[in-house]
Amino acid sequence: MSSVLSYVQPTANSPWGTYLSQVDRVIPYLGDLARWAETLKRPKRALIVDVPIEMDDGSIAHFEGYRVQHNLSRGPGKGGVRFHPDVTLEEVMALSAWMTVKTAAVNLPYGGAKGGIRVDPKKLSLKELEKVTRRYTSEIGIIIGPHSDIPAPDVNTNAQIMAWMMDTYSMNVGGTATGVVTGKPLHLGGSLGRVKATGRGVFVTGREAARRLGLDLRGARIAVQGFGNVGSVAAELFAEAGAKIVAVQDHTGTIVNENGLDLAGLVPASRTDGGAVSFKGGDVVDNEAFWEVACDILIPAALEGQITAERAQKTKAKLVLEGANGPTVPSADDILAERGVLVVPDVICNAGGVTVSYFEWVQDFSSFFWDEDEINVRLDRIMMNALNNIWDTADKHKITLRTATYAVACERILMARQERGLYP
Ligand code: NAD
C-alpha cells in the first residue's frame, strides 16, 4: 500500500502535499476506519482534456483542462471550476479533495470534485470565453451530470459561465438539465443567496469563533486578502457588524487605512481594471506589508499557499478565517497553533457556498424555489451545527479545529466507504 502517485510530485507546501499532510494528521483519530484511509489519498478519477478554440483573429488556441472526482462515496461529485493560467492537475486534485472533506464536514450528500482550465480569462473576448467554456463542458460531459458530478463557480468563473455550461450539457443530452451546475443566474434555476453564500458562511463561522475568543466584532480590525466574491462579501458583513476593514489585498496590490476602508467606494473600485489599489480612500503599500498589518482578524480569500511559515510568524491577528481553499501551508499551521492564533479552516469556514449550491440543486429537482430568508436561516443553521460539532471534537481530543473538521468529515466518508464495500 502506498500513497505515492506516479502522475504528481507534490512538495511539502504544494496543494496536494498540504492536503496529504492534513490527512496524515487525522489518521490517529479514525480508529478502525483508518484501514480505509488510503482511499483519501487517491483521486477516484482524473480527466485531462484538450480545449481547442478558434480565436477572434482566426488562429487556433489550445488550453489544458481538468476535472477531478476525488471521492464519490457519499454522493455525486461537487466542486467548482477555476479559470486561471497557473491551474495544474495537482492543484485541482487538492481542491477536489478539500471538497470531499468540506461536503462531509457540513453533512451534505455529496462527494468532492473540482475542475479547471489553464487560461487567463481577462485576455479573452466574451465570445472566446464562451467557446472555451462550451468546449470544456463538452469534453468533461462524459463524467459530469446532475446525478454524477455537479460543477459550480470558483476563481474567475461566474453565473454567466455556469449558464453556458448548463446550456452546453443540456444540448448534448437533449433536454434542459438545470441540476448539472449550480451558481446559475436566478432565471435559469439559480438560487437566491448563492452569490453571497460563501462570504456569509465566513462571517457566520467567524462571528462564532470571535464570540468564543471574547473578541468583540465592534471595532475589530480585519485584513482581507482577495477581494472577489468571497473576500468582498465577508468584508461587507463584518463591516455591517461594526468591524473595520483596515487592509485589503487583491491581484493589483495592497491598500490600507487604519481607520477602516470605506467599502461603499472600495467594492466598485475593485471591480474595475485598476482593482483595489485604484480606490483613493487608503494608502497603497508593499504587498508583503499586508501580512504585518495591525489587525485582529485575518481573512485569506484568494489562492492556496498564501500563509507561509514566515507570514504566520509575522501576523498580528488572533483569528484567521480561511475563506480561500488551502491558504495555509502545514508548517504555518503549526506556527499559528503555537502562537495561539485560532484558525477556522477552509473546510468549514468557506462551506457556505457549497451549502447553498446544495439548496439550488434541491430546488432545481423540485422546481420549487425558496425565498432568501429561508435560505439564509437554513444556511446559518447548517453552518452553526457543523461548527459546534467540530468544536466539541476539538475540545474532546485537544486538537486544532482543522484536524477536528477532518476527524468529523473523514469518519463520515470512510464509514460510507466501508458500508458500501468494494466493488466487485
Ligand atoms: P474571485 O475570482 O471572485 O476573487 C479572487 C480574488 O483574489 C480577486 O480579488 C483577485 O484579485 C484576488 N487575487 C488573485 N490572485 C491574487 C494574488 N496573487 N494576491 C492577492 N490577491 C489575489 O474568486 P472567489 O470566488 O472569491 O474565490 C476566492 C477563494 O475562495 C478561492 O480560494 C476559492 O477556491 C475559494 N472559494 C470560493 C467559493 C465561491 O463560492 N466562490 C467557495 C468556496 C471557496
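Residues numbered from 1 in each chain as written. Predicted model: local features only at pLDDT ≥ 70, side-chain atom pairs only at ≥ 80, totals over all residues. Heavy atoms only, no water.

### What about the domain arrangement of the protein?
The domain architecture assigned to the protein consists of domain 1 (3–176) and domain 2 (195–340). Between domain 1 and domain 2, the residue contacts involve 16 residues of the former and 11 residues of the latter. Between domain 1 and domain 2, a total of about 980 Å² is buried, with carbon and sulfur atoms accounting for 48% of that surface. Considering only the surface of domain 1 that becomes buried against domain 2, Asn 13, Arg 25 and Trp 98 emerge as the three largest contributors, covering 38% of it. Counting every contact that joins domain 1 to domain 2 gives two salt bridges. Arg 25 is the salt-bridge partner of Asp 334, the closest N and O atoms lying 2.8 Å from each other. In this structure, the connection of domain 1 to domain 2 is made through three residue pairs in polar contact (both at pLDDT 80 or more). Elements that contribute at least two residues to the side of domain 1 that touches domain 2 include exactly helix 1 (15–26) and helix 2 (89–105). Grouping the constituent residues of the side of domain 1 that touches domain 2 by class yields five nonpolar, four polar and seven charged. (Domains from an automatic or database assignment. Contact = heavy atoms within 4.5 Å. Buried area = accessible area lost by both parts, 1.4 Å probe. Salt bridge = Lys/Arg side-chain N within 4 Å of Asp/Glu carboxyl O. Polar contact = N/O pair within 3.5 Å; in protein donor to acceptor, adjacent residues only side chain to side chain. Helix = DSSP H or I, 4+ residues; strand = E, 2+ residues; numbered from the N terminus. Nonpolar A, V, L, I, M, F, W, Y, C, P; charged D, E, K, R; others polar.)

### Describing the site of the ligand
Not every one of the 22 residues close to the ligand is listed here, only the nearest: Asp 154, Thr 198, Phe 227, His 251 and Asn 325. Residue Gly 228 places a main-chain N or O atom 3.2 Å away from an oxygen atom belonging to the ligand. Take Gly 323: an N or O atom from its main chain is 3.4 Å from an oxygen atom of the ligand. When the ligand sits alone it has 830 Å² of accessible area, and the protein chains cover 83% of it. The class makeup of the residues in the shell around the ligand is seven nonpolar, 11 polar and four charged. Both domains that meet at the shell around the ligand, namely domain 1 (3–176) and domain 2 (195–340), each give it at least three residues. (Near = heavy atom within 4 Å. Areas by Shrake-Rupley, 256 points an atom, 1.4 Å probe, with all protein chains shown as cover.)

### Examining the sheet that holds strand 2 (residues 60–71)
In a beta sheet, neighbouring strands are held together by backbone hydrogen bonds and run either parallel or antiparallel to one another. Strand order in this open sheet of five strands is 1-2-4-3-5, and the pairing throughout is mixed. Each of the sheet's edge strands pairs with one partner strand only, and the pair in question is strand 1 (45–54) and strand 5 (149–153). When the angles between neighbouring strand axes are averaged without regard to direction, this sheet yields 20°. The pairing of strand 3 (residues 77–83) with strand 5 spans five bridges and is classified as parallel. Paired with Val 81 across the strands is Pro 153, a residue of strand 5. (Pairing = 2+ DSSP bridges. Axes fitted to C-alpha atoms, helices over the stretch in contact; angles between N-to-C directions.)

### Here's the deal with the sheet that holds strand 9 (residues 283–285)
Read from one edge of the open sheet, seven strands run 9-8-7-6-10-11-12, paired in mixed fashion. Every other strand in the sheet has two partners, leaving strand 9 and strand 12 (342–344) as the edge strands with one partner each. Recorded for the sheet is a direction-independent mean angle of 20° between the axes of neighbouring strands. Alignment of strand 11 (residues 319–321) against strand 12, held across three bridges, turns out to be parallel. Bridge pairing in strand 12 links Leu 321 to Val 344. Helix 5 (residues 194–213) rests against strand 10 (297–300), strand 11 and strand 12 of the sheet, and its axis sits at about 165° to strand 11.

### A closer look at the nonpolar core
Nonpolar side chains tend toward joint burial in soluble globular proteins. The biggest cluster of nonpolar side chains holds 61 residues, and the ones touching the most others in it are Phe 238, Val 248, Leu 266, Ile 299, Leu 319 and Leu 321. Each of domain 1 (3–176) and domain 2 (195–340) gives at least three residues to this core. Setting aside residues up to four positions removed in sequence, Leu 321 forms contacts with Val 202, Gly 206, Phe 238, Ile 297, Leu 298, Ile 299, Pro 300, Val 344 and Cys 349. Membership of the second largest hydrophobic core comes to 31 residues, among which are Val 8, Ala 94, Leu 95 and Val 101. (Core = buried A, V, L, I, M, F, W, Y, C linked by side-chain atoms within 4.5 Å. Buried < 20%, exposed > 50% of the residue type's maximum accessible area, 1.4 Å probe, protein only.)

### Observations regarding the packing of aromatic side chains
Summed over all chains, the structure comprises nine aromatic pairs. With a centroid separation of 5.1 Å and 35° between ring planes, the pair formed by Trp 16 and Tyr 19 is classed as tilted. On the criterion of helical spacing, the pair formed by Trp 16 and Tyr 19 is a turn pair, its members being three residues apart in helix 1. Taking the relative accessible area as the measure of exposure, Trp 16 reaches 1% and is therefore buried. Accessibility expressed as a relative area gives 0% for Tyr 19, which makes it buried. Here the aromatic rings of Tyr 358 and Phe 359 are separated by 6.1 Å at their centres, their planes lie at 45°, and the arrangement is tilted. Exposure remark for Tyr 358: the relative accessible area of 22% places this residue in the partly exposed category. Among the aromatic residues, those joined into a cluster by ring pairs are Tyr 110, Tyr 358, Phe 359, Trp 361, Phe 365 and Trp 370. Here Arg 378 stacks its cationic end above the ring of Trp 370, 4.4 Å away from the centre of that ring. (Phe/Tyr/Trp six-rings, centres within 6.5 Å; stacked < 30°, edge-to-face > 60°. Lys NZ or Arg CZ within 6 Å of the ring centre and 35° of its normal.)

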